[in-house]
Amino acid sequence: MSYEVMVGNKATATGVKLARVQVASAFPVTPQTTITEYLSEMVANGELDAEFVNVEGELSSQVVVQAASRVGARTFVCTSGPGQLYMHHPMHQTSQNRLPVVMAVVHRGNKGMQPDHTDLMSQMWTGWLQLYCEHNQELLDTCLMAYKVAEDERVRLPLAFGYDGYVLSYTAEPVEIPAQEEVDKWLPPNKPMPSILPDEVDPSTFGRGWGGGDPQDAWRFHHEAMLGAADVIKEANASYERTFGRGYGNGLIEEYRCEGAEAAMVAMGSMVGTARTAVDRLWEDGKKVGLVKLKCFLPFPEEDFQRIGSTVKAMGMIDRNVCLGHGGAGFRMLRHSLYDLEDRPKVLQFFAGLGGKEVRVDHVVKMGEKTLEAARGEKASSLVEWSG
Amino acid sequence: MSQRVTRAQIPLEDITITPGSACQGCGAALGARLAFKALGPNTIRHGIPCCPDSVTATPRASGVFEGGGAMLTGTWHGLKAIGRTDVQVVGFFGDGGTYDIGFQGLSAAAERNENIWVITKDNEAYMNTGNQRSSATPMYARTSTTPVGTLVKGKQERKKNIPMIFAAHRVPYIATASVGYPEDLIAKINYGKTVHGFKMLIIQTPCPVGWRYDPAKTIEIARLSVQSGIWPLYEIIDGEKFKLNYKPKELKPVTEYLKPQARFRHMTDDEMAQIQEEASRNWAKLLKADETGQVII
């Protein structure tokens, strides 16, 4: 174990190295670019024994890792904003083929260079597991957990973990680096299933792929695997915590000062750090507002939110994204999850940090106060608010 | 360069599973049959959308239409990572996946000189979706998106010279082939198997449905294409060394190739003469290149 002060992109690259990734591919795009540089250096210096394929675009990077994963290699790909959108098509193929590819998405919005969660949220229908990270240490840890989850026989799905560009990608923080031997013990090599090698392949798979049977099965099994991954994510988080001394809530969500709270805010990504301070300030003023960090967006932790939702009178979802014409992705999922509760809390929608707009502690305090008012039965001036 | 193969030397064992989804007289199905005979079973073949969806007794993974080059690249690097470099990585794509939607990724794979095979069955239009024009469609050919109308008759643009474009990437091996000349086709695969790096074989594969001729005449049409200089057979090493593999004393007139195909039925004598002039000019250039052994682009 050692420590280093490093930027988010280096924490990710260090995670990739510790995971002993065998094939990585990427196309440089701000603010993901330096991951590709760190990986190139690691390969050039012999620190990472991997094939790093410098391709001509993001679509190809996704296809390269997809094909390498199909052969059985452990793979990594990373991108941001427009690059993420460009690789949308093959992302469907990666998940459909149940390939445990891991991808880092360094968030960059679509209406400018600054971060919001539009890039990864736009991939909601591609059948990838989605995690959102708060700080650099969590990046390294999540990268390792990602392989544990994706390659698990019960899951075998690709996983994307996202983090806010600039805010984390280019900001240095102290990061604890676990020892390679410890990681090797915790994360055994990937096993391809089933093999595609000519001398090992099952000849019954020759031909035209999915055929016969119920055409809906491909969707049903995929959906069920996505839902089932929640338990494996929790397991991986708990096992990581036992081994390396760090965990992130139950792996899906992390509660902060929710006990005895009248209302709870929900935040994602780097904004969670700001929200923690805001919640501390609210409690100092006697305002009992808790915070839930939503880490695992897909599969959505419905049960956790139902449990929390039945203890508070109002919840405020802070979305750093908007599905245009629909609303915030987090808000929609949260309210949907709470609908089945007999005594359900009010749910307020806050938009913050879109297009990289700064989110200050004061902003979150105000959102908390408004949510608390709703919890106390006061009529909210509006259910939706664009903050800041 | 490729070494002469006799008909008796063509492997008996078939790697393709017939009938696949091919029509009667399908040139592309025959192209697959020949190519995979020579490649043998230690092969991973990747398919992207193409016509027909040839089926081979080799493992495959389906890929996105535009991702052929990257698919082969990832497979090769994956095999390297797991220590199985003995396995051949082969893409069997159509002209759409090579000339058009897949071009960017293939160009990049060629530039990186990935150790892969790209075999293209060029049937000169998007046959999978019902004969729409591609950049491989020859000038004046009728397709469903270059119809014969009152104002415009057939495709108004020339066919993209894809072999020379890839030759300009200076890849180790690129060759053209025809299903009308199986020995030559097999010889080129045999040679390519000895080469490490990017290998490309473009096979002209007549399509009776799209080109509109009697399905019994596929071999005849394929041969006329070569014999009239429309589809010359050649090979290029490292983007420089050139060899013309089929050199008749005299070319047949292009009309012998064009006239049996209803896709060219509307052509005027002037248009035929223009195609003849271009074919003759190109042939003279290729003869010169063959004489000097150097590519002339």
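Our subject in this report is the structure included herewith. Please read these numbers as outputs of a predicted model, since none were measured by experiment.

### With respect to the pairing of strand 13 (residues 314-319) of chain A
All names here are of chain A.
Here's step 1: By the criterion of burial, strand 13 is predominantly enclosed, with six of the six residues buried.
Here's step 2: The alternating pattern of strand 13 places Ala314, Gly316 and Ile318 on one face and Met315, Met317 and Asp319 on the opposite face, and all of these are buried.
Here's step 3: Bridging between strand 10 (residues 263-267) and strand 13 involves four bridges; their strand directions are parallel. Each bridged residue has a counterpart across the sheet, and for Val266 the counterpart in strand 13 is Met317.
Here's step 4: Where strand 13 and strand 14 (residues 346-351) come together, six bridges link them in parallel fashion. From the neighbouring strand, Ala314 faces strand 14, where its bridge partner is Lys346.
Here's step 5: Crossover connection from strand 13 via helix 12 (residues 329-338) to parallel strand 14: handedness right-handed.

### What about the interface of chain A and chain B?
Here's step 1: If you look at the interface, chain A gives 31 residues, while chain B gives 33 residues.
Here's step 2: Mapped onto the side of chain A that touches chain B, the elements with two or more residues apiece are strand 3 (51-54), helix 3 (58-71) and helix 5 (88-96) of chain A.
Here's step 3: In terms of residue class, the side of chain A that touches chain B is built from 17 nonpolar, ten polar and four charged.

### Examining the nonpolar core
Here's step 1: Residues Ala24, Val149, Leu159, Ala264, Met265 and Val266 of chain A are the most contacted members of the largest nonpolar core, which totals 209 residues.
Here's step 2: Filtering out sequence-adjacent residues up to four positions away, Leu159 of chain A remains in contact with Val102, Trp128, Leu129, Leu131, Ala146, Val149 and Ala150 of chain A.

### Some words on unusual backbone geometry
One can expect most non-glycine residues to show negative phi and most peptide bonds to be in trans.
Here's step 1: Looking along the chain, the bond that leaves Thr30 of chain A and enters Pro31 of chain A is cis, with omega of 0°.
Here's step 2: In this structure, Pro52 of chain B follows Cys51 of chain B across a cis peptide bond, with omega equal to -5°.
Here's step 3: Despite not being glycine, Arg20 of chain A shows a phi value in the positive range, around 50°.
Here's step 4: Residue position: Arg20 of chain A is located in the loop between helix 1 (8-18) and strand 2 (23-26).
Here's step 5: With 17 C-beta atoms packed within 10 Å, Arg20 of chain A lands in the partly exposed category.
Here's step 6: A positive phi angle is found at Tyr140 of chain B, which is not glycine, with a value near 75°.
Here's step 7: Structurally, Tyr140 of chain B is set in the loop between strand 3 (117-122) and helix 5 (162-167).
Here's step 8: Residue classification places Tyr140 of chain B among the buried positions, given that 23 C-beta atoms sit within 10 Å.

### Concerning helix 2 (residues 33-44) of chain A
Residues and elements named next belong to chain A.
Here's step 1: For helix 2, built from twelve residues, the straight-helix expectation of 16 Å at 1.5 Å per residue is met to within 8% by its first-to-last C-alpha distance of 17 Å.
Here's step 2: Of the residues making up helix 2, those classed as buried are Ile35, Thr36, Tyr38, Leu39 and Met42. Projected down its long axis, helix 2 shows its buried positions confined to an angular sector of 165°, all on one face.
Here's step 3: In this structure, the buried side of helix 2 is in contact with helix 1, strand 2, strand 3, strand 4 (75-79) and strand 5 (102-107).
Here's step 4: Just past helix 2, the residue Gly46 takes up positive phi, approximately 75°.

### Quick word on the environment of Gln204 of chain B
Residues and elements named next belong to chain B.
Here's step 1: Mapping Gln204 onto the fold places it in strand 5 (residues 199-204).
Here's step 2: A C-alpha to C-alpha distance of 17 Å links Gln204 and Ile236, two positions 32 residues apart in sequence.
Here's step 3: Aside from chain neighbours lying at most four places away, what touches Gln204 is Asp122, Ser178, Ala222, Ser225 and Trp231.

### What about the sheet that holds strand 7 (residues 241-244) of chain B?
Residues and elements named next belong to chain B.
Here's step 1: In space, the seven strands of this open sheet follow the order 1-2-3-5-4-6-7, with mixed pairing throughout. If you trace the sheet from one side to the other, it starts and ends with strand 1 (43-46) and strand 7, each paired once. Strand-to-strand twist of the sheet, defined as the mean angle between neighbouring strand axes without regard to direction, takes the value 15°.
Here's step 2: Seen against the sheet, helix 2 (residues 68-81) touches strand 1 and strand 2 (88-94) and runs at an angle of roughly 170° to strand 2.
Here's step 3: Across the sheet, helix 10 (residues 269-292) lies against strand 6 (234-237) and strand 7, angled at about 120° from strand 7, the strand it touches most.

### Comments concerning the environment of Ile237 of chain B
All names here are of chain B.
Here's step 1: Along the chain, Ile237 falls in strand 6.
Here's step 2: Remark: the alpha-carbon pair of Ile237 and Pro172, spanning 65 residues in sequence, is separated by 5.3 Å.
Here's step 3: Ile237 has contacts with Met1, Pro172 and Tyr173, leaving out every residue within four places of it along the chain.

### Brief notes about the pairing of strand 7 (residues 159-164) of chain A
Residue and element names in this part refer to chain A.
Here's step 1: The buried fraction of strand 7 is high, at six of six residues.
Here's step 2: Here strand 7 shows a buried face lined by Leu159, Phe161 and Tyr163 and a second buried face lined by Ala160, Gly162 and Asp164.
Here's step 3: Strand direction decides the pairing type here: strand 5 and strand 7, joined by six bridges, are parallel. Paired with Val106 across the two strands is Tyr163, which belongs to strand 7.
Here's step 4: Here strand 6 (residues 129-132) runs beside strand 7; their pairing, made up of four bridges, is parallel. Within strand 7, the residue paired with Gln130 across the bridge is Ala160.
Here's step 5: A crossover connection joins strand 6 to the parallel strand 7 through helix 7 (residues 136-150); in handedness this β-α-β unit is right-handed.

Rules used in this analysis
Residues numbered from 1 in each chain as written. Chains lettered and ligands numbered in written order. Predicted model: local features only at pLDDT ≥ 70, side-chain atom pairs only at ≥ 80, totals over all residues. Buried ≥ 20, exposed ≤ 12 C-beta atoms within 10 Å, placed from the backbone. Helix = DSSP H or I, 4+ residues; strand = E, 2+ residues; numbered from the N terminus. Pairing = 2+ DSSP bridges. Right-handed = clockwise from strand over helix to strand, strands pointing away. Contact = placed C-beta atoms within 7 Å. Nonpolar A, V, L, I, M, F, W, Y, C, P; charged D, E, K, R; others polar. Core = buried A, V, L, I, M, F, W, Y, C linked by C-beta atoms within 7 Å. Expected span 1.5 Å × (residues − 1). Arc of directions from axis to C-beta. Axes fitted to C-alpha atoms, helices over the stretch in contact; angles between N-to-C directions.

This is a description of form; function is not addressed.
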